[in-house]
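Spelled out, the chains give:
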Amino acid sequence: MAEFILTMPDVGEGVAEAELVEWNVKPGDLVHEDMVLAAVMTDKATVEIPSPVAGVVTWLAVAVGNTVPVKAPLVRIETDVSAATPDGNGPEAPSDMTEAPPVVESPPAREIDDAPPSPEIEHHKPLASPAVRQRADDLDIDLGQVRATGPDGHITHADLDTYLTSRSKPERLAPIVPGDSAVEEVKVTGLRRKIAEKMTLSVSRIPHITYVEEIDVTDLEDLRATMNGNRRSGQPKLTILPFLMRALVRTVADHPGMNATFDDEKGVVSHYEAVHIGIATQTPAGLTVPVVRHTETLGLWECASEVARVAEAARTGTAARDELMGSTITISSLGALGGVVSTPIINHPEVAIIGVNKIATRPVWDGTRFVPRKMMNLSSSFDHRVVDGWDAAVFIQAVKALLEKPALIFID
């Protein structure tokens, strides 16, 4: 009996391990060369693992949600297909990994964005574009459970939306019952796990300092309402974010230490001339940070268009990889749910994040009497290793001056 052990391939420079997010086969399945067996997720991409041989799957080494080191065993395939039983089931899988034969090196995996499935693969798995597969991976959706309505039986983004709407609960592990109370355990996998890891990295390695300042946005809101009332066909509705983005562009020119990243292992702070603003965005799969690149070259309406575009791409799972990395400073906003104060977590390895809280009309003393003004807090966090509290305060005060007198944003 000829057998082949597929090992975890090198999925990218500097990547030592990846999380297994999907199996497309099970013991007993017939596979052919180039058929996609599994998908793994790294910090940068979801990668499909193809089979280099044809045969029958007899053994899976890793469960979904587990991390797999490069060169570790993944799956065993009996390459003597004639040994399969008439019903297509192969021999019984071994119960212990020690029974597996010697490991054979695997060929490189292929990234989903660069290698669309071949017609042969499509006969063995649901039909979907790489972008749809990426989004399904992020949302932990088994495409085999999704009804396809697209051309030639392809699963579309709309099909995923329909599935999400109909699915009332996330997939859960079997409930455990300590005493008389039922407890359900939900395994953290895929994008949710990556978010957890990044948040842990940021909090554990960055000593945060949060500075909160209130901003009188009455004049800004008046200007915004006027511009929205006169916007041309095709122009997006302006929110406060494009104004804040333009204010940040002007301010970081005088405070380059805020538009920066810190490599604490090398002890190097990198200041950037380009302003790549991350926009923290809530998606069905969790929090992601798409990036508006080269904001310093964009006008107000262009900023609004780009925010709308990258946020929608993040929500639908169609964002390109370079649209999800490389930010130099981040804005976090919860819109109408923004609360009074927040303590945003820095998007590692950046050194600053600007948190936008909700706008509320409050009485403000103008020197002679209380008048109603539209007020908004900025809750911003900084890496205290490289940004002093004084410098953080000066920076936010400069942003405040522009937002309170918005005409200054447009004056060079």
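Computed from a prediction, not measured in an experiment: that's the story for all the values here. (Residues numbered from 1 in each chain as written. Predicted model: local features only at pLDDT ≥ 70, side-chain atom pairs only at ≥ 80, totals over all residues. Heavy atoms only, no water.)

Asks: I tried to follow the overall build of the chain on my own but got confused; where do I start?
Replies: Scanning the chain from terminus to terminus reveals eight helices and 21 strands. A burial count over the chain gives 46% of its 412 residues as buried. Sequence-distant contacts in the chain: of pairs separated by 6 or more residues, those separated by 24 or more amount to 65%. For the chain, the exposed surface amounts to about 20,600 Å²; the carbon and sulfur share of it is 54%. (Helix = DSSP H or I, 4+ residues; strand = E, 2+ residues; numbered from the N terminus. Buried < 20%, exposed > 50% of the residue type's maximum accessible area, 1.4 Å probe, protein only. Contact = heavy atoms within 4.5 Å. Areas by Shrake-Rupley, 256 points an atom, 1.4 Å probe, with all protein chains shown as cover.)

Asks: Sorry, what's going on with the pairing of strand 5 (residues 46-50) here?
Replies: Where a strand is regular, its side chains alternate between the two sheet faces. Most of strand 5 sits out of view: five of its five residues are buried. Because side chains alternate across strand 5, one face comprises the buried residues Thr46, Glu48 and Pro50, and the other comprises Val47 and Ile49, equally buried. Both strand 4 (residues 36-41) and strand 5 contribute to a ladder of five bridges, which runs antiparallel. Each bridged residue has a counterpart across the sheet, and for Val36 the counterpart in strand 5 is Pro50. (Pairing = 2+ DSSP bridges.)

Asks: Can you walk me through the packing of aromatic side chains in this structure?
Replies: A full pass over the atoms with the stated rule returns two aromatic pairs. Seen in terms of ring centroids, Trp365 and Phe370 are 5.0 Å apart; in terms of plane orientation they differ by 65°. Their pairing is edge-to-face. For Phe370, a relative accessible area of 56% corresponds to the exposed category. (Phe/Tyr/Trp six-rings, centres within 6.5 Å; stacked < 30°, edge-to-face > 60°.)

Asks: Quick question: what am I supposed to make of helix 8 (residues 389-404) here?
Replies: Every α-helix winds through 3.6 residues per turn, so residues three or four apart in the chain are directed the same way. Under the 1.5 Å per step criterion, the end-to-end length of helix 8 is 22 Å for 16 residues, consistent within 8% with the ideal 22 Å. Considered for burial, the residues of helix 8 that qualify are Ala392, Ala393, Phe395, Ile396, Val399, Lys400, Leu402 and Leu403. Among the structural elements, strand 12 (208-216), helix 5 (218-229), helix 6 (240-254), strand 19 (329-333), strand 20 (352-365) and strand 21 (370-383) are those in contact with the buried residues of helix 8. (Expected span 1.5 Å × (residues − 1).)

Asks: What should I look at first to understand the nonpolar core in this one?
Replies: Across soluble globular proteins, nonpolar side chains have a tendency to be buried as a group. Membership of the largest hydrophobic core comes to 44 residues, with the highest contact counts inside it found for Ile331, Phe395 and Leu403. Those residues in contact with Phe395 that lie beyond four places of it in its chain are Leu248, Thr251, Val252, His255, Met258, Ile329, Ile354 and Phe382. Residues Leu6, Met35, Val40 and Ile77 belong to the second largest nonpolar core, which totals 23 residues. (Core = buried A, V, L, I, M, F, W, Y, C linked by side-chain atoms within 4.5 Å.)

Asks: For this particular structure, what's the right way to read the confidence of the model for the chain?
Replies: It should be kept in mind that the predicted coordinates are not to be read in detail where pLDDT is low. For the chain, per-residue confidence averages 83 on the pLDDT scale, and 83% of positions sit at 70 or higher. In this model, residues 83-105 is a region of pLDDT below 50 whose contacts with residues beyond four sequence positions or in other chains number 39 contacts. In the predicted structure, residues 111-124 sits below a pLDDT of 50 and forms 29 contacts with residues beyond four places in sequence or in another chain. (pLDDT = per-residue confidence, 0-100.)

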